[in-house]
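For reference, the chains in residue letters:
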Amino acid sequence: MSDFDLIVIGAGPGGYVAAIRASQLGLKTAIVERENLGGICLNWGCIPTKALLKSGEVYEQLSHLDAYGLSVTGRSFDFGKVVERSRGVARQLASGVAFLMKKHKIEVIEGTAKLEKAAGAPRVVVALKAGGNRTVTARSVILATGARARTIPAIGAVPDGERIWAYREALTPKTCPKTLVVIGSGAIGIEFASFYRALGAEVTVVEAVDRIMPVEDEEISKAAQKAFEKRGIKFRIGAKVSKVEKTKTGVAVAVEAGGKAEKLEAEVCIVAVGIAANTEDMGLEALGLKLDRGHVVADKHGGTNVPGLYAIGDVAGAPWLAHKAMHDGVHCVEHIAGVKAPTVTAPVPGCTYANPQVASVGLTEAAAKAAGYEVKVGRFPFKVNGKAIAASETEGFAKTVFDAKTGALLGAHMIGHEVTEMIQGYTIAMTMEGTEEDLFNTVFPHPTMSEAMHEAALDAFGKPLHI
Amino acid sequence: MSIEILMPALSPTMEEGSLAKWHVKVGDTVKAGDVIAEIETDKATMEVEAVDEGTIEALLVEAGTEGVKVNEPIARLSGEDAAPAPQTEGAKAEAPKAEDKPERKADKPPPPAAPFQAAGETGATAKAPPAPVSDSGDRIMASPLARRLAQAAGLDLAAIKGSGPHGRVVKADVDAARGKAPAAPASPGAAPAAAAPRQAQTLAQLGIPEGSYDLVPLDGMRKTIARRMTDSFRDIPHFPLTIDLEIDGLLAARAKINAMLEKDGGKVSVNDLVLKAVAVALKRVPEANASYSPDGIAMHHHADIAMAVAIDGGLITPIIRKADTKGLAQIAAEAKDLAGRARDRKLKPEEFQGGTFSVSNLGMMGIKSFASIINEPQGCIMSVGAGEQRPVVRNGELAIATVMTVTLTCDHRVVDGAIGSKFLQVFKALIEDPLTMIV
């Protein structure tokens, strides 16, 4: 007889959402967390960075108030308060998760879990935070242990908490560095670059690939680089970091690009070169759990090669996004509980909350072509969108990629003000298997920036209205 | 006149919340839209706005109180006027926009980020196929893309089983159907597809004039029964296996059990014993507890036994989950509870959706034997006839025994004749010697 129907290991967005769904489905559920409820997302990722970025955005806004006929004197900031606000937001949400666990009668076990082979699903031995061990069993166990910042010790790209930062240090700095090198131009690197630049830091971003934000559509990469350069961020693209060294005054980042070597000096360096799954010291090897490049190999329901053991979210591989983890978690639990899920191919949108924001879903134009699609591509700039002009937020554009044969929307890509709030429109269309006609026939409210989404669909078929 | 301010429901599922903070104190005047309190819910703290104007007369719940029930009064407002101010929500619609899109004013609209295609209105933009309608007149649920792909491939949507939400036909279903049957050429004059869907003729065409009958509209249950039974009977290669069971021993055992249970008020029916025997037999012959799927045969871990219950206007099949792990008394209690709530139409969806094996019993109606239609995706359904005294031949002589005939309808894709027969043998042995059920 097991203690629980389900034990979830890790209370990040994937884990705690899985636990809630399990409780809703009548499963007796426990969740093990070694640090904070809410995981990285809530405490060290998605949420606190959004708080910082908002401060940065408002502060930046103050410098061009004249566009609105306004003026202000004495623009300044209290860096300590900016950081404290971000921590407060994280605390508030973490207590919200605690409330949710209580509401759903989910037992929270605070400690570090280890798995042991058992007749059914692996046994969970928790080294309790409060001291001592507690062994619990369940019919099913979900690994939702997430991931952490990847480091590259060979070149010295390892956070020391002082001069070399990863996201944790970058979220809780004591002072705002005057000069900053960011290694990596994915969402995390770009968001920190954007925030620190907004508060006046001299920022240089180093990217190994030949364009920034390499997962995005090429046109978006190009436009994003231009927009960030306009704000004073410098880039080194196609650049290899060969050494990160501490100096007396800060760090020196040795970079090679196009055969030229260069040394970038700064107070601080942020390492944002991807993430590594948390699979160590949990007894996974002894269970014979199959891993692939550090990530747990899981099927579409989260099932692994170990009976009764499932894996969801970051620990189970890319894309490393909170909303993917939550979606995985719900799906996995419904599968465990025997709820028959309808066939839905849900594309996972990706968002970067820099200024300007970048949001996308589905295939890039290049990826669609590489997959053999004949494509129709549409674009529409916010420069000619009424609401954007009225709000003086005319940067950026929306781009659509359709399958020319079937009219299926294959992908959509946006850069501009608050586009992260809009991408779900295209995501719904794709999830419901909409075609261009459905987007044509949808009435978009006027005046909104979302009208550009409509126009980008019309444009793909050569009939935009306002351009 | 006082107005009570109630704990609002900030989400449809919210039953209670914590009152985190008051933004007003007794004696404050508020107007509609003023933030008066903060309430903690799910993932956020939400602000509560006043809907009426007036003076705060009393705060009925202290800040920091947890578990405040929705609609519980949290404060009292004394209205300035007798009539509370009307709610202002929704009143802030924008002024009518006579201007119009300012973008036209830009003397030269800047070009989009890259030249756009000047494609004509051809190809995929041609007319979208109209939403198809099935024989029975229902609109067929299909995603726009699935509709278009089916039309291009010359496939009949009505013939494709939907696997999307609410049985919606999605791209994957059309792709699968296309994989099975090569797309029929859409050119006119082409030979009709081999298996043209059956066209239902109207009653009038069949010689029953209108006006000679009353038409009862199809309700949701009737439509579901019609669709599921048609799909199952048409698409699943099924066959019946029939066997006679002598149940005198079972009846005697039942009488004993009921005598024992009498003081607890419990009672066990023949059907409960049948359910128990099915559960045990499925455990012993797991091959009969299986479902066909294109990816493989699903061997179910547990026997979730669906039992057909006739209700007003149709029937429904509530499920005894994991019957293989349950004792007779529990099965009897659950069967009674499920059947009762089925008749009251109070079952939750999860109580009648799924199941790995079905039992249908028409014995109490005097039916001797019948063969039910498979309840997809289950591999088998058992039809139980009446237990009646019949002549039997024992050792070359006529004798009288109580005999019950059961028929197992099998999905041949999963359960072959030998497996079905093996299951029935085990089942027969259990029924004829009920003591073996507990071993």
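In every chain, residue numbers begin from 1 and rise along the written sequence. The naming scheme follows written order: chains are lettered A onward, ligands numbered 1 onward. Restriction of local features to residues with pLDDT of at least 70 applies here, the model being predicted, together with a cutoff of 80 or more for giving and counting side-chain atom pairs; totals for whole chains, interfaces and linings are based on all residues. Here the side-chain values reflect all heavy atoms present in the structure, with hydrogen atoms and water set aside.

On to the overall build of chain B, then. A tally of helices and strands in chain B yields eight helices and 18 strands. Burial here depends on accessible area, computed with a 1.4 Å probe over protein chains only, as a share of the maximum for the residue type. Under 20% is buried, over 50% is exposed, and the range in between is partly exposed. The proportion of buried residues among the 439 residues of chain B is 36%. Approximately 25,400 Å² of chain B is accessible, and the part contributed by carbon and sulfur atoms is 56%. Helix numbers and strand numbers start at the N terminus; a helix is a DSSP run of H or I with at least 4 residues, a strand a run of E with at least 2. Here, Shrake-Rupley sampling with a 1.4 Å probe gives the accessible areas, and only protein chains in the shown set may cover a residue.

What follows is about the overall build of chain A. Helix and strand counts for chain A stand at 14 helices and 24 strands. For chain A, the proportion of its 467 residues judged to be buried stands at 54%. Note on contacts: a residue pair is in contact if any heavy atoms of the two residues lie within 4.5 Å. Taking the intrachain contacts of chain A between residues at least 6 apart in sequence as the baseline, contacts between residues at least 24 apart amount to 62%. Carbon and sulfur atoms form 55% of the exposed surface of chain A, whose accessible area is close to 19,900 Å².

Bringing helix α4 (residues 79-103) of chain A into the picture now. Residue and element names in this part refer to chain A. What a helix is expected to span follows from its residue count: subtract one and scale by 1.5 Å. Given a rise of 1.5 Å per residue, 25 residues ought to cover 36 Å, and the 36 Å separating the end C-alpha atoms of α4 matches this to within 8%. Near the N-terminus of α4, the side chain that reaches the backbone nitrogen of glycine 80, with its oxygen 3.1 Å away, is that of aspartate 78. Lysine 105, located one to two residues past α4, shows a positive phi value of around 55 degrees. Counted as a polar contact is a pair of N or O atoms within 3.5 Å, where, for protein atoms, one must be capable of donating a hydrogen and the other of accepting one, and residues adjacent in sequence contribute only when both atoms are in side chains.

Moving on to the confidence of the model for chain B. Residues and elements named next belong to chain B. pLDDT is a per-residue confidence score from the predictor, ranging from 0 to 100. Here chain B averages 80 in pLDDT, while 79% of its residues score no lower than 70. Predicted confidence is poor over residues 81-128, with pLDDT under 50, and the contacts of this stretch with residues over four places away or in other chains come to 65 contacts. The model gives residues 181-197 a pLDDT under 50, and that stretch makes five contacts with residues more than four places away or in other chains. Across the predicted assembly, pTM comes out at 0.60 and ipTM at 0.75.

All names here are of chain A. What counts as a ring pair is set by centres within 6.5 Å for rings of Phe, Tyr and Trp (its six-membered ring), and what kind of pair is set by the plane angle: stacked under 30 degrees, edge-to-face over 60, tilted for all other angles. A complete count under the given rule lists ten aromatic pairs over all chains for this structure. Relative to phenylalanine 235, the ring of phenylalanine 228 has its centre 6.4 Å away and its plane inclined at 40 degrees; by these criteria the two rings are tilted. This pair shows no difference in class: phenylalanine 228 is buried, exactly as phenylalanine 235 is. Taken together, Trp165, Phe192, Phe195 and Tyr196 form an aromatic cluster joined through their ring pairs. Here the basic side chain of lysine 28 rests over the ring of phenylalanine 4, its NZ or CZ set 5.1 Å away from the ring centre. Comment: the charge-over-ring label is applied if NZ (Lys) or CZ (Arg) is within 6 Å of the ring centre and within 35 degrees of the ring normal.

To continue, consider the sheet that holds strand β9 (residues 238-246) of chain B. With mixed pairing, six strands are arranged side by side in an open sheet as β9-β18-β17-β16-β12-β15 (chain B). A strand with exactly one partner marks an edge of an open sheet, and here the two such strands are β9 and β15 (319-320) of chain B. We treat two strands as partners when DSSP finds at least two bridges between them.

The next thing to look at is unusual backbone geometry. Cis geometry marks the peptide bond from Ala318(A) to Pro319(A); its omega dihedral reads -10 degrees. Here Pro319(A) is to be found in the loop between β19 (309-311) and α9 (322-336). With an omega dihedral of 0 degrees, the bond running from Glu376(B) to Pro377(B) counts as a cis peptide bond. If you trace the backbone, Pro377(B) turns up in the loop between β16 (357-361) and β17 (380-394). Although it is not a glycine, Asn71(B) sits at a positive phi angle of roughly 75 degrees. Along the chain, the position of Asn71(B) falls in the loop between β7 (65-69) and β8 (73-78). Classification of Asn71(B) by relative accessible area gives exposed; the value is 52%.

When you line up the elements, Arg34(A) lands in the loop between β2 (29-33) and α2 (39-44). What Arg34(A) contacts, discounting residues up to four positions off in sequence, is Gly111(A), Thr112(A), Lys129(A) and Asn278(A).

What follows concerns the pattern of salt bridges. When a carboxyl oxygen of Asp or Glu is within 4 Å of a side-chain nitrogen of Lys or Arg, the pair counts as a salt bridge. All told, the structure shown has 45 salt bridges over all chains when counted by the stated rule. Residue Arg91(A) pairs with Glu84(A) through a salt bridge whose shortest N-O separation is 2.6 Å. Judged by its relative accessible area of 40%, Glu84(A) falls in the partly exposed class. In this structure, Asp175(B) and Lys171(B) form a salt bridge, with 3.2 Å as the shortest nitrogen-oxygen distance. Linking Asp175(B) with Lys171(B), this pair stays in helix α2 (residues 171-180), spanning four residues, or about one helical turn. On the basis of relative accessibility, which here comes to 28%, the residue Asp175(B) falls in the partly exposed class. The exposure class assigned to Lys171(B) is partly exposed, which follows from its relative accessible area of 33%. Taken together, the shared-partner salt bridges in this structure form one network comprising Asp217(A), Glu219(A), Glu365(A), Lys369(A), Arg379(A) and Lys399(A).

Here we come to the environment of Pro73(B). Residues and elements named next belong to chain B. Looking at the secondary structure, you find proline 73 in strand β8. A relative accessible area of 28% means that proline 73 is categorised as partly exposed. Here the alpha-carbon distance between proline 73 and isoleucine 5, two residues 68 residues apart in the chain, equals 5.6 Å. Ignoring anything within four residues of it in the chain, the contact list for proline 73 reads Glu4, Ile5, Leu6, Leu60 and Val61.

Moving on: the sheet that holds strand β20 (residues 350-352) of chain A. Residues and elements named next belong to chain A. The strand order across the open sheet built from five strands is β20-β21-β24-β23-β22, with neighbouring strands paired in antiparallel fashion. Each edge of the open sheet is held by one strand with a lone partner, namely β20 and β22 (375-381). On average, each strand axis in the sheet is tilted by 10 degrees relative to the strand beside it, whichever way the strands run. Pairing geometry for β20 and strand β21 (residues 357-362), over three bridges, is antiparallel. For glycine 350, the partnering residue across the bridge sits in β21 and is serine 360. Taken strand by strand, helix α7 (residues 218-230) contacts β21, β22, β23 (396-403) and β24 (409-416), and its axis lies near 5 degrees from that of β24. Across the sheet, helix α14 (residues 451-460) touches β22, β23 and β24, and the angle it forms with β22 is around 140 degrees. Each axis is a line fitted through C-alpha atoms, and for a helix only the stretch in contact is used; angles between axes span 0 to 180 degrees, taken between their N-to-C directions.

Before going further, it helps to spend a moment on the side chain of Thr448(A). Structurally, the position occupied by Thr448(A) is in the loop between α13 (436-441) and α14. Thr448(A) has contacts with Asn385(A) and Lys387(A), leaving out every residue within four places of it along the chain.

All names here are of chain B. For patch detection, residues must exceed 30% relative accessible area and be free of salt bridges, and they are connected within 9 Å for like charges or within 5 Å for nonpolar side chains (Val, Leu, Ile, Met, Phe, Trp, Tyr). The grouping of Leu362, Met364, Met365 and Ile367 at the surface amounts to a nonpolar patch, some 410 Å² of accessible area in total. Its location among the elements puts methionine 365 in the loop between β16 and β17. For methionine 365, a relative accessible area of 61% puts it in the exposed group.

Turning to the pairing of strand β1 (residues 4-9) of chain A, a few remarks are in order. Residue and element names in this part refer to chain A. In terms of burial, β1 is largely enclosed, as six of its six residues are buried. Relative to strand β6 (residues 138-143), β1 runs parallel, the two sharing five bridges. In the sheet register, isoleucine 7 faces β6, and the bridge partner there is valine 141. Summarising the sheet, β1 and β2 pair through four bridges and their orientation is parallel. Following the sheet pairing, leucine 6 is matched in β2 by threonine 29. The parallel pair β1 and β2 is bridged by helix α1 (residues 13-24), and the resulting crossover is right-handed. Seen with its strands pointing away from the viewer, a crossover is right-handed when the path leading from the first strand over the helix to the second is clockwise.

Time to look at the side chain of Ser23(A). All names here are of chain A. The residue serine 23 is located in helix α1 in this model. Only 2.7 Å separates the side chain of serine 23 from the backbone oxygen of histidine 104, close enough to count as a polar contact. Once residues within four sequence positions are removed from consideration, serine 23 is found in contact with Thr29, His104 and Ile106.

Before going further, it helps to examine the nonpolar core. One finds Val274(B), Val278(B), Phe357(B), Met382(B), Val406(B), Phe423(B) and Phe427(B) to be the most contacted residues of the largest nonpolar core, which totals 55 residues. The element contributing the most residues to this core is helix α5 (residues 270-284) of chain B, with nine residues. Filtering out sequence-adjacent residues up to four positions away, Val406(B) remains in contact with Leu241(B), Thr242(B), Ile243(B), Leu245(B), Met382(B), Ser383(B), Val384(B), Leu424(B) and Phe427(B). The set of buried Ala, Val, Leu, Ile, Met, Phe, Trp, Tyr and Cys residues whose side-chain atoms join them within 4.5 Å is what this entry labels a nonpolar core. Ala149(A), Tyr196(A), Leu199(A) and Val358(A) belong to the second-largest nonpolar core, a separate cluster that totals 38 residues.

Residue and element names in this part refer to chain B. Looking at where isoleucine 373 falls in the secondary structure, it is placed in the loop between β16 and β17. Each C-alpha atom, one on isoleucine 373 and one on cysteine 410, is 9.1 Å from the other, the two residues being 37 residues apart in sequence. Apart from residues lying up to four places away in sequence, isoleucine 373 is in contact with Met229, Ser232, Phe233 and Ile381.

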